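# Results of the structural survey
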Amino acid sequence: MAKNLTRREFVVLAGASTTGAVLFAACNIPEAEFVVQSPTQLPEDLVRGIDAWYATTLCCEGGDSVIVRVMEGRAKKIAGNPDFPINLGKQNVRAESALQMLYHPDRIKTPLARRSKGAPLRPVLWDEAEAQLKGWAEGSGGRITIATNPMRGHAAWVVGNFAKEYGGRHIAFDPLDQGTLHAAIKKVFGQDRLPEFDIENAQTILSIGADWLGTWVSPTRYGVKYGQFRQGEARTRRGMLFHAESRMPLTAAAADRWLPVRPGAEGDLALGVAHEIIEKKLVPDANVQAYLAGINRAVVDAYTADRVTRATGLSAERIHELAEKLAHEGPSLVIGGGSAGAHTNGVQNLSAIYALNYLLGSVGARGGVWFNPPSPFEGVPDSATGASFAEWEKELAGWRAGNVSTLILREANVVHGLPRSADPVGAIAKVEHVVAFATVLDDTTELADLVLPEHSALEDWGTDVPEPGPGYPLVAFQQPVVGAAYTRDGAEKLSDSRGFADTLLRVSGGKAGGDSMRDVVNKAARALFARKGGSVTAPTEELFLKGVLARGGWWDGSRRQATAAARPGTLVDGELRSEFSETEAEVSGEELHLVPFAHQSLMNGRLAAAPWAQATPDPITSAVWATWAELNPETAARLDVREGDRLIIRSSLGEIEALAYVHPAAAPDTVAVPVGQGHASYGRYARGRGANVLSILVDKKDSETGALAWAATRVKVSKAGGALRVPKFEGSGEVARQAEPGVPVITVREGESAEDAKHRLESGHKVLE
C-alpha cells in the first residue's frame, strides 16, 4: 500500500486545484470528512474500534465505485462512493454480495490439482501450480484459449497480452449479453462504446426491453438519473416513462405506462411509432430526413397502426398516444435492449428502436443520446460483451477436435450458462489441460485439472473504464481494502488466493504487461498524471496515485465527447421477422412463449453462491431462494394452475420444474422464468437449488451477429402434480426462507398445532414452528 495521505498533502493535492475544488463542491463532501473517510493504507492500530473507509471498484457490469468500511482488518460494509460520477454514492443490491464472497465458507483454500484425468483434486503448493500452468502454456504450441467473463480495463489488457504471448486467443462468455446491443449501437450511431443517455434531462422516455432500473447495463447510474427525471430540482414538470416488454420488470413497474408487447414484435412497435409520427407530420422535415437516411420509406409506410396492433397486441390508441407524447413533449429519448435484442431479428429490432432518436432530434441533444470517448489508455479495452453463441459453437468444436490443448477458465461458467445442445461438458473433456481460477468451485471449474484460488474483488488491484461512461474520460481504480481473509476467530486463513491477472503476469515472466498488477496500476496512474488535468492534480506522481486511490478514480469533465450527428447507414431494409422454436406435437401441455429474465440479485447466476443474493426479494414477486414461473391469470386459468403448483416447462431440448406464480404483470401466452438457479455445484447456498432455464433454450441465433436468441424458445407447460409454497415476502409478515434446497418452508395456521399441520400437509414438507 502507499503511504498515508496527510492533511497537508491532501490540501496540496486537491485544494489547490480548480477542477478538484469544483468537483468537491459539486459532490457536497466537506474536505475534512473526505480525508477521514478515504485513507489509502490500513491504520496501524487496529484494536481501537475506529472504522476506516477505502474507495475501490468491484469491476462489475455497471462500473460503480464503492467505499468499504473496514474495522480491525475486516471488511464490514459496502456503500456507494459519493465522489464518483457513475453512481454518486449509490450502490446496487448486488454490491453487498462482495462481502460474502470475501468471507465465503466454501472459498477454495489452496491450489488443487489432479494427478491424472478423472482423479480427485488434491491440494498443491502455489509454486508447483504456477510451474504446471507455465509448462502447459509454453507447451501448447499456440493451442491455448483463455475464457473469461466480459472484461474491461488493465486486467483485460493483461489477459489479451498473455494470450498473444502464447499464440492463443481470449474469448468472453456471457449467457445473455452476446453483442446484439453493441452491434446495433455501431450500426445506428457508428460508435464502438455504449452511449450516455441523458435521462435526467428528458421529458418523455420510451424504453423497449431494457430493464435499466433493474438489471440492464448500469442500473445504479440510471437509478440516480431516474430520480432526477422524476423530480429533479431544476424540473418544472415530472418526466413521463413508457416501458414496452412482455414481462413487467422493475422499470415497467416504475413507468407511467407498461406496454405488454408480444415477444419478437419490439421492432414492429418502433416502426409503428415512426409511421405515426411521419404520417401525421409531428416533427420537423429535417428529423424525418435524418431518420429515413437509414430506413427505407416504403418499409415505414408498411407499418400501419392496424398491422402493428396485430403484431404487438397493443391498441392503435396506445400507439397514437405514444407517438404524440414522444413528438410533442420533448426532449424525448428512446432506449432498447434486453429481451428486445434476444430474438432472431435482435439487431434489427434494436436498430429500429434506436433510430427513433434521429426522428425525434435526440442525437447529441439535451435529454437525448450522447457519445462516449475512448479509453484514456491506448490499447486498454474500454468496452466488453460476451462472444456470440455462433462463436462459442465454433470454439467448442475446436475443443472437441483437439485444437486446444490448454484451456484457462475464469468466471466463464459455460456448463451452467450454455444450452444443452452445445454440450460444453463433452467439449471440455476433450481438452488435454484445463485450468480454472475461482473463489468457489462452480459447475465448470469442477471439471478442471488445475484449480487456482482467485482473490475476491476486495483483495485485488486493477482498473475499469466504465461502460457506458458519463460522456467524458473516466477511470475507476481498484485496490485491496483488506489483507488476507481469515475465519471469524482469526485462527485459519480462509483462502491462500492470488489475483488472476497477477498470476498471468508471473507465469509470463512479466511479458504480459508488468511485474504485478500493482505495478500495472501505478503505470496507469502515471499516464493519467502526464495528462495534467482532471479530478486529481498533484505536484508529484506519488501524490497523484494517492489521490486517485482516495477518490476511487480519475475523470475529466472538461473533455466531454463532441457528439457528431452522423447520418446512419442502412438499418432496416425490409420486413422485421422473428423465428421461434417449435414444440413437440406429441407432448401434452399449453404452448407458451418462454421469457427468461435476469434475476435481480443473482443476475445470470454468477452471484448464486452468496446467501444475501439468494435472500434478496424479487422486486415484482418478492420471491426468494427458488425458481418460479410467472403466468398471466388467463393463461393460468386455462391450465387450471394456482400459485405454488409444480409446473413442468418443456422445450424441444429438455425440461425444468418451477413453482407457479400467477399475477397480472405477466403478458398472456407467456411464461417468464428467472435465470440464475439450478447449479450442480457452486457452494452450499446454490448447489441443487431451483432449476436452470438456460439449459432448455433452443439454439436459435440472431441473424446478424450469431448471438443466442434466448427469447425465441417456445415451450409446453403442464402441471407436474402437487404444490409447494412459493418462498416469498408478499402476503406474509414473516421472512420467507427455505432451510434446505428443495424443501419448502410452510406456515402453521393460526390455532393449529405443528402436529396437526404435519397431518394436513403431504410428507416431505418442513414446518415453521
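Residues numbered from 1 in each chain as written. Predicted model: local features only at pLDDT ≥ 70, side-chain atom pairs only at ≥ 80, totals over all residues. Heavy atoms only, no water.

### Brief notes about the overall build of the chain
Helix and strand counts for the chain come out as 24 helices and 27 strands. Classification of the 769 residues of the chain by burial places 61% in the buried group. Nonlocal contacts in the chain, meaning residues at least 24 apart in sequence, comprise 72% of its contacts between residues at least 6 apart. Roughly 28600 Å² of accessible area belongs to the chain as shown, and the carbon and sulfur atoms make up 49% of that amount. (Helix = DSSP H or I, 4+ residues; strand = E, 2+ residues; numbered from the N terminus. Buried < 20%, exposed > 50% of the residue type's maximum accessible area, 1.4 Å probe, protein only. Contact = heavy atoms within 4.5 Å. Areas by Shrake-Rupley, 256 points an atom, 1.4 Å probe, with all protein chains shown as cover.)

### Looking at the sheet that holds strand β21 (residues 628-631)
What the six strands build is a closed barrel, ordered β20-β24-β21-β23-β22-β25; its pairing is mixed. Sheet twist, expressed as the mean angle between neighbouring strand axes with direction ignored, is 45 degrees. Note: strand β22 (residues 645-651) against strand β25 (residues 714-723), five bridges, orientation antiparallel. Bridging across to β25, Ile648 finds its partner in Ser718. (Pairing = 2+ DSSP bridges. Axes fitted to C-alpha atoms, helices over the stretch in contact; angles between N-to-C directions.)

### A word on the side chain of His433
Position of His433 relative to the elements: it lies in strand β15 (residues 433-438). Residue class for His433 comes out buried when judged on its relative accessible area of 17%. A polar atom in the side chain of His433 sits 3.4 Å from the side chain of Glu432. Among all residues touching His433, those that are not within four sequence positions of it are Trp136, Ser405, Thr406, Leu407 and Asp449. (Polar contact = N/O pair within 3.5 Å; in protein donor to acceptor, adjacent residues only side chain to side chain.)

### Overview of the pattern of salt bridges
This model, assessed by the stated rule, comprises 39 salt bridges. Between Glu128 and Arg122 there is a salt bridge; the shortest N-O distance is 3.7 Å. The class for Arg122 is partly exposed, based on a relative accessible area of 24%. As a salt-bridge pair, Glu655 and Arg650 come within 2.8 Å of each other at their nearest N and O atoms. Under the relative-accessibility criterion, Glu655 is labelled partly exposed at 36%. (Salt bridge = Lys/Arg side-chain N within 4 Å of Asp/Glu carboxyl O.)

### As for unusual backbone geometry
Backbone torsion omega between Gly330 and Pro331 reads 0 degrees, so that peptide bond is classified as cis. Checked against the element boundaries, Pro331 lands in the loop between α14 (316-328) and β12 (332-336). Of note, the bond from Glu467 into Pro468 is cis; its omega dihedral lies within 30 degrees of zero at 0 degrees. Relative to the assigned elements, Pro468 resides in the loop between β17 (462-464) and β18 (474-478). Positive phi is not limited to glycine here, since Asp640 has a value of about 55 degrees. By the element assignment, Asp640 lies in the loop between α23 (633-639) and β22. Judged by relative accessible area, which is 44%, Asp640 ranks as partly exposed. Positive phi values are uncommon outside glycine, yet Asp669 reaches one of about 65 degrees.

### With respect to the pairing of strand β20 (residues 590-598)
Within β20, seven of the nine residues are buried, which leaves it mostly tucked inside the rest of the structure. In this sheet, β25 lies alongside β20 in antiparallel orientation, the contact comprising four bridges. Its bridge partner lying in β25, His593 is registered against Arg714. Relative to strand β24 (residues 670-675), β20 is paired through six bridges, and the arrangement is parallel. Within the sheet, the bridge partner assigned to Leu594 lies in β24 and is Val671.

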